[in-house]
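# Inside the fold
Okay, here's what each chain looks like letter by letter:
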Amino acid sequence: MNNYYTSIELGSDTIKILVCNKVDNDFHLIASVSSPSAGIKRGQIVDGRKAVNAIKKAIKKINDMLGIKIGKAIACIPTNDCHMDIVFGEVEIEDHQEITGEDVSMVIKDALDGKVTTNQEVVTVMPISFKVDQKDGIKDPKGLQGNVLGIKALITTSPKEYLYDFLQVLKLGGIDVVDVCYTATGDYFEVRNEKIDKTVSSMIDIGETSTSISVYNKGIMIKNKILNVGSINIDKDLTYIFQTKLSDSRKLKENFVVASSKYADVNEVKPVTLDSGEKRELNQLELSKVVEARLVEILKIAKNELKNLTKREIRYIIVTGGVSELAGFQYITEDVLGIKARVCNITTMGVRHNKYSSTLGSIKYFDQKLALRGKKTNMLKESDITKLISVNQIKETNDNIVNKVFGRFFEN
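Here the structure is a predicted model, which is why all the values come from computation and not from measurement.

Attention now moves to the nonpolar core. In terms of nonpolar packing, the biggest core is built from 64 residues, with Leu10 and Ile70 touching the most fellow members. It is helix α1 (residues 48–66) that contributes the most residues to this core, 8 residues altogether. Once residues within four sequence positions are removed from consideration, Leu10 is found in contact with Ile15, Ile40, Ile55, Cys76, Phe166, Val169 and Leu170. Membership of the second largest hydrophobic core comes to 38 residues, among which are Leu287, Val323, Leu326 and Phe329.

Below you can see the structure in the form of structure tokens.
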């Protein structure tokens, strides 16, 4: 069975939407959109009307790409006011039967019973381990036999008012939310592997107006911190120092500068119009030095926060966010955080930009969540899937023709 998933992330700067198809164990991009955001600031809905209009525009873009209408999605939200707690649950298995996904769902429900206050809402439930009778430390109990199934899990909750603000604007924007995932959880699920899952690791996501720092122990988020500094501070620095317009500073950041001045070229220049109306040429080196200084500062603050969040040895530090795509970013990452740090590298074809790490990872999180409960789902209508398959088959045929042509070329 092919599984079609849609995820949406409401950022302060952009709204990101991904539609993916999972075939076997691989995720294939169907469509992606990064559309200007509005009405959202530092992970909060500050103007619902503007947010709804921005969501509608983003949805229209992806609908036009696909030729169908999406209506369901996983919502990826910031970790503002995130609270974590360890919970335990236990259920009896009738007649020593084989444990099913339904039993897993029941024991999770038991673990949550009475554990959440009236003003909080559960966002994620991450099983730490299961127990079947006296056998403990089980990761997936399905298929085993026993009388009693137990669970130890970490739950994350957010204030209902905060969460409902996001759900409300998404509903008004035309999206029915099927699940909610923290951006930090999405980041982790995008980079995780067997080695990272066995150690203490950290994710640093440099967003537009804030930076998220999360610590994970064996795949479970145990600490999180939000810093009120992000890539917009780079734009402001460039504007302040060179007297450029803020919009031009952003364009310079995204299309011209590099993260490390070692990679900059003094002979590379860009003509700009200053706020005063004066025209001037700025070279890549002088601009990149300003960018580098701010990025180094953000990473140093993050490094200090990691020391405050945990005393454990962190084996892996992964940095993500759109700004991490700048040339030379790996160099300053290692220089500030050490050789155990690296920049996120998304390998899914068509998504290869770190601004999508949370959105893509949230799909992988949701897929694993369903698998543990023995469930499958499609977020697209069957009739729409048929349309997509027809389009993809045509594209696949064209791709095969191109491959054959190039194959003959290289063989000759």
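Back to the text.
Moving on, we come to α1. Between its first and last C-alpha, α1 extends 27 Å over 19 residues, near the 27 Å set by a 1.5 Å rise per residue. Listed as buried for α1 are Ala51, Val52, Ala54, Ile55, Ala58, Ile59, Ile62, Asn63 and Leu66. For α1, the side-chain oxygen to backbone nitrogen distance between the N-cap and Arg49 is 3.2 Å, and the N-cap itself is Asp47.

The next point concerns the packing of aromatic side chains. Two numbers describe a pair of aromatic rings. These are the distance of the centres and the angle of the planes. Summed over all chains, the structure comprises 5 aromatic pairs. Ring plane angle 70 degrees and centroid distance 5.3 Å describe the contact between Tyr162 and Phe166, whose orientation is recorded as edge-to-face. Here Tyr162 and its partner Phe166 are both found in helix α3 (residues 160–173), 4 residues apart, which amounts to about one turn of the helix. For the pair Tyr162 and Phe166, one class covers both residues: buried.

An α-helical turn contains 3.6 residues, so a residue and the one three or four places further along point in the same direction. Over its 12 residues, helix α2 (residues 101–112) runs 17 Å from end to end, which matches the ideal 16 Å to within 8%, given 1.5 Å per residue. When we look at burial in α2, the residues that qualify are Gly101, Asp103, Val104, Val107, Ile108 and Ala111. The buried residues of α2 occupy an angular sector of 155 degrees when projected down its axis, which confines them to one face. α2 presents Glu102 and Lys109 as exposed residues on the side facing more than 90 degrees away from its buried surface. Turning to α2, the residues buried within the fold contact β7 (83–92), β8 (120–132), β10 (148–159) and α10 (357–372). At the C-terminal side of α2, Gly114 shows a positive phi close to 75 degrees.

All right, on to the side chain of Lys253 then. Note that Lys253 resides in helix α7 (residues 246–255). The contact partners of Lys253, leaving out residues within four places of it in the chain, are Glu208, Ser231, Ile234, Asp235 and Leu326.

A packed helix pair is summarised by two numbers, namely the angle formed by the two axes and the spacing between the axes. It is the contact of helix α6 (residues 232–242) with helix α8 (residues 284–309), at a shortest axis distance of 10 Å, that shows an interaxial angle of 135 degrees. Classified by the angle their axes make, α6 and α8 are oblique. In this structure, α6 meets α8 at a crossing whose hand is right-handed. Taken together, the residues of α8 that come into contact with α6 (itself represented by Asn233, Ile234, Asp237, Leu238, Ile241 and Phe242) are Glu286, Leu287, Val290, Val291, Arg294 and Leu295. Of the residues that constitute the contact of α6 with α8, the class distribution is 8 nonpolar, 1 polar and 3 charged.

As a further point, take the pattern of salt bridges. Considering all chains together, one arrives at 12 salt bridges under this definition. Between Glu254 and Arg250 there is a salt bridge whose closest N-O contact spans 2.9 Å. With a gap of 4 residues between them, Glu254 and Arg250 both fall in helix α7, about one helical turn apart. When salt bridges that share partners are traced, they join Asp13, Glu208, Arg250 and Glu254 into one network.

Our next topic: the sheet that holds strand β12 (residues 200–206). Pairing within the open sheet is mixed, and its 5 strands lie in the order β14-β13-β12-β17-β18. Edge positions in the sheet fall to β14 (220–227) and β18 (341–343), since each of these pairs with one other strand and no more. Taken pair by pair, the neighbouring strands of this sheet meet at an average axis angle of 20 degrees, ignoring direction. Sheet analysis places β12 next to strand β17 (residues 316–320), joined by 5 bridges and oriented parallel. Paired with Met203 across the bridge in β17 is Ile318. Packing of helix α9 (residues 329–337) onto the sheet brings it into contact with β12, β17 and β18, and relative to β18 it is tilted by some 160 degrees.

A few words on the environment of Ala371. By secondary structure assignment, the location of Ala371 is in helix α10. What makes Ala371 partly exposed here is its relative accessible area of 44%. Spatially, the C-alpha atom of Ala371 lies 27 Å from that of Tyr164, the residues being 207 residues apart in sequence.

Read from one edge of the open sheet, 4 strands run β7-β10-β8-β9, paired in antiparallel fashion. This sheet does not close on itself; its edge strands, each paired only once, are β7 and β9 (135–138). The average undirected angle you get between the axes of adjacent strands in this sheet is 35 degrees. Pairing analysis gives 2 bridges linking β8 to β9, with the strands arranged antiparallel. The residue bridging Phe130 from the neighbouring strand is Ile138, located in β9.

On to the state of the cysteines, then. What the rule picks out here adds up to 0 disulfides. Free cysteine: Cys344, not disulfide-bonded; nearest cysteine sulfur from Cys76 at 13 Å.

Our focus in this paragraph is the pairing of β17. Counting buried positions along β17 yields 4 of 5 residues, so the element is predominantly enclosed. For β17 and β18, the ladder comprises 3 bridges, and the chain directions are parallel. For Val319, the partnering residue across the bridge sits in β18 and is Val343. Crossover connection from β17 via α9 to parallel β18: handedness right-handed.

What counts as what
- Residues numbered from 1 in each chain as written.
- Predicted model: local features only at pLDDT ≥ 70, side-chain atom pairs only at ≥ 80, totals over all residues.
- Heavy atoms only, no water.
- Core = buried A, V, L, I, M, F, W, Y, C linked by side-chain atoms within 4.5 Å.
- Buried < 20%, exposed > 50% of the residue type's maximum accessible area, 1.4 Å probe, protein only.
- Helix = DSSP H or I, 4+ residues; strand = E, 2+ residues; numbered from the N terminus.
- Contact = heavy atoms within 4.5 Å.
- Expected span 1.5 Å × (residues − 1).
- Polar contact = N/O pair within 3.5 Å; in protein donor to acceptor, adjacent residues only side chain to side chain.
- Phe/Tyr/Trp six-rings, centres within 6.5 Å; stacked < 30°, edge-to-face > 60°.
- Arc of directions from axis to C-beta.
- Axes fitted to C-alpha atoms, helices over the stretch in contact; angles between N-to-C directions.
- Parallel < 35°, antiparallel > 145°, perpendicular 65-115°, else oblique.
- Left-handed = near helix turned anticlockwise from the far one by under 90°.
- Nonpolar A, V, L, I, M, F, W, Y, C, P; charged D, E, K, R; others polar.
- Salt bridge = Lys/Arg side-chain N within 4 Å of Asp/Glu carboxyl O.
- Pairing = 2+ DSSP bridges.
- Disulfide = S-S within 2.5 Å.
- Right-handed = clockwise from strand over helix to strand, strands pointing away.

On their own, these measurements won't tell you what the molecule is for.
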